[in-house]
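Chains, contacts and geometry: an overview
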Amino acid sequence: MSALRGGPHRLAAGGLIERESRISFRFDRGHFAGHPGDTLASALLANGVRLVGRSFKYHRPRGVLSAGAEEPNALVELRAGDRREPNTRATVVEIFEGLEARSQNRFPSLRFDLGAINGLLGPFIPAGFYYKTFMWPAAFWERLYEPLIRRAAGLGRAAPDADPDAYERCFLFCDVLVIGAGPAGLMAALAAGRAGARVVLADEDFRLGGRLLAERAEIGGRSGPAWAEEVAGELASLANVRLLPRTTVFGVYDGGTYAAVERVADHLPVPPPFTPRQRLWRIVAKRTVLAAGAIERGVVFPGNDRPGVMLAGAVRAYLNRFAVAPGARAVVFSANDDAARTAADLAACGVAVAAVVDARPEPPPAVAAAAAAAGAPLLAGAVLTRAHGGARLTGASVRRADGGSDFLGCDLIAVSGGWSPTIHLTSHLGARPHWDEARLAFLAGEPPPGMAVVGAAAGRMETDACLAQGAAAGLAAAAAAGFAGVLPELPDAPHESAGRAPLWRVKAPGKAFVDFQNDVTEKDLALANREGYGAAEHAKRYTTLGMATDQGKTGNLNGRAILAELRGEPLAALAPTTFRPPYTPVSFGALAGRARGPAYRPLRLTPSHAWATEWKAVFVESGPWLRAAYFPEAGEHDWQASVTREVHGVRRAVGLCDVSTLGKIDVQGADAASFLERVCLNRCSRQPLGRVRYLLMLREDGFVLDDGTATRLGPEHFLLTASTAHVAHVVSHLEWCREALWPELDVAITDVTEDWAQFAVAGPRAREVMARAVDPGFDLSNDAFPAQAAAEVRAFGGIPARLFRISFSGELGYEIAVPAGFGDAAVRALMILGAAQGIVPYGLEAMGTMRIEKGFPAGPEINGQTTARDLGFAKMMPKEGAYLGRAMAARPALVDPERPALVGLRPRDRSRRLAAGAHFLVPGAGASLANDLGFVSSATFSPTLGHAIGLGFLQGGLAHVGKTMRAADPLRGSEIEVEICPPCFVDPAGERAHG
Amino acid sequence: MADPAVPLHVPLHWRAALGPRPHQREGRAEGAAGVALREQTGFALFEVCARPGQGEGLAARLGAAFGLPVALPRTGLGDARAALLWSGPGRWRLLGTPGRLDRATLAAACAGGGWFTDRRGGFGWISVSGPAAAEALGRAVPVDLHPRTFGFGDVVLTTADHIPLQIWQSAPAPCYELLFPRSSAGSFWAWLIDQMAGFGVAVG
Amino acid sequence: MRIDCPHCGPRDRREFSYRGAVLPLPEPGAADEAWFAHVYLRDNPAGPIEEYWQHEGGCRAWLVATRDTISHRIHAVRAAAAR
């Protein structure tokens, strides 16, 4: 029956809900109904559901405390399957048709939770108990304690599978960012928007209006919500204003940067097509107005966590905004003038008020009048000493001013300890708030540059003050951004009474909670102080006060005040612990955006990629590139078979490999040669035109930065290559040298890696293939175009190309480069042109095998810890001339002949395999660092030789040729005897490449 | 020498950075498309780098040689067939139809003032237009493309999700040209479609 | 963090890559100690420091930024090539 009416506790009239529509939803085993405009919390309360969860440690029954994002108790698990979300605050969930929610942290059910036994264990599990327990016996930790703790820990269950929704990350630039769309924020946006500035107005709620939606205040002769709707309508009509409801600005960063998360589709069963579930906005604002309001806090008294104890402001929100009576008989408890408002609103909605308990000995007349009008006694100078009940509140004990006590039967206690301005964002950049005794609040310290704090966030609770401050700040912000405007007319608004007295806690026997979500009690704070952890930062971490997902929004100040009292220090001295982003929890999905799976980072494809895919190449990620590792043929079941075939193909006939990823750097200028001589070992000024030279570049510390080639295409034109992995770094390094060290040199550096498709054609029959590719008229004979020659030619029928005789395989080899748009066609053409020669496509694996067979150093040898000497290139280091790295390369330790130098190795037992990373030991010596002589850097199976080979660095280097060493690999549990040899296994004289 | 007996399709086919792509709708299908994307291909592109201290003079000579407005920093103007785009301190990209931009004229304009290299293979080029182009692209890139700060003739160099990107506005109405590295074309296109899918994309 | 590139205007820090402190190269023929200090030793001031950043995700210019290590504020940015 309740499902048909939207709840038995729904008021007959009022509220900002759409009564004509009904939404059905589930909570645990119950089916309920609510209305559009309801939150899950308001709909549950309308249906009489008071018990919504069990607390973290003691498994105490808990109900809804608040009506906003500060909620610590009503954490539910929302949705099912791969969209399941734990720890969602029911107070901010907009219900939708078919919503499924479940309570958390209880077994087997919310009403009968076995975990409640923890409540009895209370004396044994105070704050910090885990620092002193579970230590003995030590063996029990892994087998017993840890698994138990793991099962008991945590508050919700994450979804089992990948999130099926999409998330977006977007950028936004504006002149004025207004955070919060309550009275102050709306006026600020209006002033700035009318002045013509680009305004962004963000509010975490789904409806603009802030506190106006929860109170009965009249603005300009109409209801608060109606006025807010009118302003929102005008703002929506301005093209220069962007409204972002359902958007929480959660972080402030340097440079006027803000982060916000927009819950685009959280209120829908599934996101519509091509709509993200949530959107992360990175906002850059010239000026900001923080109108984030204030958050109410409760009072610490025994039983204050019982379902039915709610914040007074939340009670008013449920009455006025959601037309829900959170109880039938209420007690109002506070030490500020909100007591009057609360009593009045309760009475107006037909809720009986059992008493108004005001801790102040002499509350203002307005409170007495409101109590009287509600037909309730006013107990001045009195406090509640206990809230009674288990899963439901049954009553409250009062201690009167004269010391006597009463019992008040009630099912709702509306508590107000006061309001704390929402200043979290102001201290994200490190500024500390300061205590304002008059307002009993911490106010913002120095706000981030460009931010103004207004309204309740600045400690001004009166509606007329909020409107005025907001308008002024909005106008000033627009003016600072260059837009002159006019102050909007301020509508009539109430100036609410704001009398207040401090009321942090009531001293009485019983468990009194300070932090609801982490179950931190008043006694825990006393314990922390006794044990020497009473300073604010220590107490927070020792008791976990304020460390839950609500970040202590409703309890931190009470905790701080209790600590101050325990330590005899003024509250002002205990500044709040640092606020850090995010202000409220942000999903990983929103932070990741589309950067998941294959879209995590961009992939770079070679010009021959489409063709390689057709040839069923197996690809491997090589940095950001996807490169063909090998091209398996039908019937080849493991990669070694394919690689062996490819190597044979190259060494016996001719092979084709895409080498486009190797970095190409265009260096031109009158000073190009002298620039290059300053940054590398090559004497470029003496390099003839049309010649390729092996290139080595050193770092400032004397180690090798990278190797590559330098080709002289003209007197003032060089083309460098660099290894795929290092080219980005090499280009930046060269640009730095040019701009920071020698800006007077005439040299232009351009990374042209992308511009050219480059293919290696290598093998004894390579010349035959190239003769068909290159246009007639170019002499390819060995005399005319010998090893290490280079030329600009025409190929494939008139296409401008560059031809190089470079050989990474050690065979007769060419590399031909064409503009990258021709790359796909060129690779197909080469396959056709080489068909008669039996041309074989080969990939990274075969290329790597062949270069090890030739002893050419690559990434594993040029690892940043080796010098030119170590690699066997000492002769390349010029005696004259200044080049980067020269001085440090001459350090005694780097020229020590005992430094490990490059050698080759092969297993004595030719059937064994070698692994890179094994370390060299003298036979008979123990495996220790003291006996370590070096390590194996590269290893492979050589199809050409039929056994494993490797390269490595060995102390004493080539002096050990012929000797036997042990290659020990304790990580993989192997030890092999190896024979040291020169680091070239195939054609040591290099005749094939020079043929 | 080349064997005429072997059949080979010449001249070789030039492959656009995005490769063959069907003309279709992407993203939201209902209603008119908010964004239109079109790949430009077969264009000539030279990158020019000025000698120290010669930047202004070289820019003026390039403009004069090809009948294009001088490209001040962060500007790029041209017509449908050629554009001169500022591409960094002392750097410009000359972009357009091959007939309009010939090497010889360029070499003459650069003589003594700067150095150039042919970069036509290195890039992809997409034109973005449509009623939602400004909003869709503005959200997607980390620079402010609002008409008050970016308009006809402005050029920016930035990144799109780790991919280098050059953007210029080629018409008074919001109509943007995007230049990006060829090898990242696939990832770039995926990013672009994802960002704009909600607005409805017509691929032409 | 935003860095004001003299060529491109203020941009998000993610467009830049960081190299390290600005230190003049030792003179040719300088003693080993000078090189050792240049490569390995750094001051760690609590206050403004001059650093090399490259606008790698933008115009690729090398810049010298004066950044305050306490407040994280960037006081000045100039092109490295402009002495």
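Conventions we followed
- The residue count restarts for each chain, going from 1 along the sequence in the order it is written.
- In the order they appear in the text, chains get letters beginning with A and ligands get numbers beginning with 1.
- Since the coordinates come from a predicted model, pLDDT governs what is reported: local features require at least 70, and pairs of side-chain atoms require 80 or more to be given and counted, while whole-chain, interface and lining totals use all residues.
- Side-chain measures here rest on the full set of heavy atoms in the structure, leaving out hydrogens and waters.
- We call two residues in contact when some of their heavy atoms are within 4.5 Å.
- Criterion for a salt bridge: a side-chain nitrogen of Lys or Arg within 4 Å of a carboxyl oxygen of Asp or Glu.
- Identification of polar contacts relies on pairs of N or O atoms within 3.5 Å, with a donor-acceptor requirement for protein atoms, meaning one able to donate a hydrogen and the other able to accept it, and with residues adjacent in sequence counted only if both atoms are side-chain atoms.
- Nonpolar core, defined: a set of buried Ala, Val, Leu, Ile, Met, Phe, Trp, Tyr and Cys residues in which side-chain atoms within 4.5 Å join the residues together.
- Remark: exposure states derive from per-residue accessible area (1.4 Å probe, protein chains only) relative to the maximum for the residue type, with buried under 20%, exposed over 50%, and partly exposed in between.
- In this description a helix means any DSSP run of H or I spanning at least four residues, a strand means any run of E spanning at least two, and both kinds are numbered starting from the N terminus.
- Every axis in this analysis is a line fitted to C-alpha atoms, fitted for helices over the stretch in contact. Angles between the N-to-C directions lie between 0 and 180 degrees.
- Working definition: roughly parallel below 35 degrees, roughly antiparallel above 145 degrees, roughly perpendicular at 65 to 115 degrees, and oblique for all remaining angles.
- Crossing handedness follows the turn of the near helix against the far one: under a right angle anticlockwise gives a left-handed crossing, and clockwise gives a right-handed one.
- Asp, Glu, Lys and Arg are counted as charged, while Ala, Val, Leu, Ile, Met, Phe, Trp, Tyr, Cys and Pro are counted as nonpolar; the rest, among them Gly, fall into the polar class.
- Strand pairing follows a simple DSSP-based rule, namely that at least 2 bridges must link the two strands.
- As a per-residue measure, pLDDT tells how confident the predictor is, with possible values from 0 to 100.
- Only residues whose relative accessible area exceeds 30% and that take part in no salt bridge are eligible for patches, with like-charged residues grouped when within 9 Å of each other and nonpolar side chains (Val, Leu, Ile, Met, Phe, Trp, Tyr) grouped when within 5 Å.
- Per-residue and other accessible areas were derived by the Shrake-Rupley procedure at a 1.4 Å probe size, with only the shown protein chains allowed to occlude residues.
- Boundaries between domains were set according to an automatic or database domain assignment.
- Summed over both partners, the accessible area lost on bringing two parts together, with a 1.4 Å probe, is the buried area.

1. Observations regarding the interface of chain A and chain B
With 59 residues of chain A in contact, the opposing surface of chain B contributes 51 residues. Seen at the junction of chain A and chain B, the total is seven salt bridges. Its salt-bridge partner being Asp-161 of chain B, residue Arg-594 of chain A comes within 3.3 Å of it at the nearest N-O pair. Counting across the interface, chain A meets chain B through 19 residue pairs in polar contact (both at pLDDT 80 or more).

2. Remarks on the nonpolar core
All names here are of chain A. Grouped together as the largest cluster of nonpolar side chains are 60 residues, with contacts concentrated most on Phe-27, Leu-40, Leu-99, Tyr-318 and Leu-346. Among the elements that line this core, the one with the most residues is helix H2 (residues 40–46), at six residues. Those residues in contact with Leu-40, other than ones at most four positions away along the chain, are Phe-25, Val-76, Leu-78, Ala-90, Val-93, Ile-95, Leu-99 and Ala-101. Among the nonpolar cores identified, the runner-up in size contains 41 residues, and Val-654, Ala-789, Ala-791 and Phe-822 belong to it.

3. Some details on the packing of helix H16 (residues 639–652) of chain A against helix H21 (residues 844–854) of chain A
All names here are of chain A. Running from amino to carboxyl end, H16 crosses H21 at an angle of 60°, the nearest separation of the two axes being 9 Å. The angle between H16 and H21 falls in the class oblique. When you trace H16 past H21, the crossing you get is right-handed. Counted together, Trp-639, Val-643, Glu-646, Val-647, Val-650 and Arg-651 of H16 and Glu-845, Ala-846, Thr-849, Met-850, Glu-853 and Lys-854 of H21 form the full contact between these two elements. Classifying every residue of the contact of H16 with H21 gives six nonpolar, one polar and five charged.

4. What to know about the pairing of strand E23 (residues 405–409) of chain A
Residues and elements named next belong to chain A. Note that strand E22 (residues 393–399) and E23 share five bridges and pair antiparallel. Looking at E23, one finds that Arg-399 is bridged to Ser-405. Joining the antiparallel neighbours E22 and E23 is a turn of five residues, in which Gly-403 adopts a positive phi near 95°.

5. A closer look at the confidence of the model for chain B
On average, chain B scores 90 in pLDDT, and the residues at 70 or more come to 94%. No element of chain B has a lower mean pLDDT than strand E4 (residues 76–79) of chain B, at 70, and none a higher one than strand E7 (residues 114–118) of chain B, at 97.

6. Details of the pattern of salt bridges
All names here are of chain A. Enumeration according to the criterion identifies 76 salt bridges over all chains in this entry. Among the ionic pairs, Arg-505 bridges to Glu-522, the shortest N-O distance being 2.1 Å. Of this pair, Arg-505 sits in the loop between helix H10 (463–480) and strand E29 (513–515) while Glu-522 sits in helix H11 (residues 522–530), placing them 17 residues apart in sequence. The exposure class assigned to Arg-505 is buried, which follows from its relative accessible area of 17%. Within this structure, Arg-79, Arg-83, Glu-85, Asp-165, Asp-266 and Arg-277 form a network of salt bridges that share partners.

7. What to know about a nonpolar patch on the surface
Residue and element names in this part refer to chain A. Taken together, Tyr-130, Tyr-131, Phe-134, Phe-140, Trp-141, Leu-144, Leu-148 and Ile-149 make up a surface patch of nonpolar side chains, about 710 Å² in accessible area. Tracing the backbone through its elements, the reader meets Leu-144 in helix H4 (residues 139–152). Since its relative accessible area comes to 37%, Leu-144 is described here as partly exposed.

8. Some thoughts on the domain arrangement of chain B
Residues and elements named next belong to chain B. We note that the domain assignment places domain 1 (12–41 + 121–203) and domain 2 (44–120) within chain B. For domain 1 versus domain 2, the distance between C-alpha centres works out to 23 Å. Across the interface of domain 1 and domain 2, roughly 1,200 Å² is buried in total on both sides, 64% from carbon and sulfur atoms. Where domain 1 touches domain 2, the interface holds zero salt bridges. Taken together, domain 1 and domain 2 are joined by six residue pairs in polar contact (both at pLDDT 80 or more). Here the side of domain 1 that touches domain 2 is composed, by residue class, of eight nonpolar, four polar and one charged.

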